[in-house]
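Below, each chain spelled out in residue letters.
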Amino acid sequence: MTNRTNTIRFCALLAVLLLSGGVINVWERAGEAHVSRRNLKDFPAQVGSWRQVGDDLRFDDETEKVLRADDYLSRNFVSNGRTASFYVGYYATQRNGATYHSPLNCLPGSGWVMSDPARITIAPAGGGAPFEANRFVIANGRDRALMIYWYQGRGRAVASEYWGKIYTVLDSVRRRRSDGARVRVMVPVGNAQQEAQNAAVEMAAQAAAELPAFVPN
């Protein structure tokens, strides 16, 4: 009786393994689902009271090779005497190892010191579900800025890099999608850090309302 039970269990396990292998093979052959989106170069030149100043910034070849983004936008905006740097790095797929880089790794390696970490809530202008974003004060020599960033894609905006990865794996299996982006807003800190934060939150809220056309839900 015991041998028969073990044989049945072995056959059942073998069947599950073969079925799983077949599903994975079909999934890999099917590739990722196609999603339509607009190129980031077409991001509005004005969002709310924030309007573009200067041309879009492009990185050098070496930086782009490290970044490995399929599309990105680096642009400066101004509003009522305030300046904000806006960046979005979009990845059409993360199956091939190309993925967004965490500022926790990139900025210290570039000489920036990160301090005063916090989570803040961003409420997209004109409606949309509020979400949490990361907030840091960063400094390099005499330069100080208030930085807000989050991870966005497939209908979610999250602060946690780890949850972003978990959702990417789940959506890759369930929806055949692993596309996503990192979004960052930086505002120089003058004499009042709170004013810089208010400006960064305002810019982030305006930008978040426009992003789904460029970073699909």
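Here goes a summary of the coordinates provided. (Residues numbered from 1 in each chain as written. Predicted model: local features only at pLDDT ≥ 70, side-chain atom pairs only at ≥ 80, totals over all residues. Heavy atoms only, no water.)

**A word on the pattern of salt bridges**
Consideration 1: All chains considered together, the criterion is met by eleven salt bridges.
Consideration 2: As a salt-bridge pair, Arg154 and Asp171 come within 2.7 Å of each other at their nearest N and O atoms. A residue pair is termed long-range when its members are at least 10 positions apart, and Arg154 in the loop between strand E7 (143-153) and strand E8 (156-158) and Asp171 in helix H4 (residues 161-174) qualify at 17 residues. Just as Arg154 is buried, Asp171 falls in that class too.
Consideration 3: If you follow the salt bridges from partner to partner, you end up with Arg154, Arg156, Asp171 and Arg174 in one network. (Salt bridge = Lys/Arg side-chain N within 4 Å of Asp/Glu carboxyl O. Helix = DSSP H or I, 4+ residues; strand = E, 2+ residues; numbered from the N terminus. Buried < 20%, exposed > 50% of the residue type's maximum accessible area, 1.4 Å probe, protein only.)

**Here we look at the nonpolar core**
Consideration 1: Counting 34 residues, the largest nonpolar core has Phe43, Phe86, Trp150 and Met203 as its most contacted members.
Consideration 2: Going through the elements one at a time, strand E3 (71-79), strand E4 (82-91), strand E5 (113-122), strand E6 (131-140), E7, strand E9 (180-188) and helix H5 (193-210) are the ones with two or more residues in this core.
Consideration 3: Among the elements that make up this core, the one with the highest residue count is H5 (eight residues).
Consideration 4: Once you skip the residues sitting within four places of it in the chain, Trp150 turns out to touch Phe131, Glu132, Ala133, Ala157, Val158, Ala181, Arg182, Val183, Ala204, Ala208 and Leu211.
Consideration 5: Listed in part, the 16 residues of the second largest apolar core include Leu67, Tyr91, Tyr151 and Val158. (Core = buried A, V, L, I, M, F, W, Y, C linked by side-chain atoms within 4.5 Å. Contact = heavy atoms within 4.5 Å.)

**Overview of the side chain of Gln152**
Consideration 1: The residue Gln152 is located in strand E7 in this model.
Consideration 2: With relative accessibility at 10%, the residue Gln152 sits in the buried group.
Consideration 3: A distance of 2.8 Å separates the side chain of Gln152 from the side chain of Trp150, its partner in a polar contact. (Polar contact = N/O pair within 3.5 Å; in protein donor to acceptor, adjacent residues only side chain to side chain.)

**Remarks on the packing of aromatic side chains**
Consideration 1: Tallied over the full model, the rule gives nine aromatic pairs.
Consideration 2: For the ring pair Tyr149 and Tyr151, a centre distance of 6.0 Å and an interplane angle of 85 degrees mean the geometry is edge-to-face.
Consideration 3: Ring centres of Trp163 and Tyr167 lie 5.6 Å apart, and the angle between their planes is 35 degrees; on these two criteria the pair is classed as tilted. Of the two residues, Trp163 and Tyr167 are both situated in helix H4; the distance of four residues between them amounts to about one turn of the helix.
Consideration 4: Grouping aromatic residues by their ring pairs yields a cluster made of Phe43, Phe77, Phe86 and Phe214.
Consideration 5: Taking NZ or CZ as reference, Arg37 lies 4.0 Å from the ring centre of Tyr90, over its face.
Consideration 6: Residue placement shows Arg156 over the ring face of Tyr167; its charged tip is 4.2 Å from the ring centre. (Phe/Tyr/Trp six-rings, centres within 6.5 Å; stacked < 30°, edge-to-face > 60°. Lys NZ or Arg CZ within 6 Å of the ring centre and 35° of its normal.)

So yeah, pure geometry; function would need other evidence.
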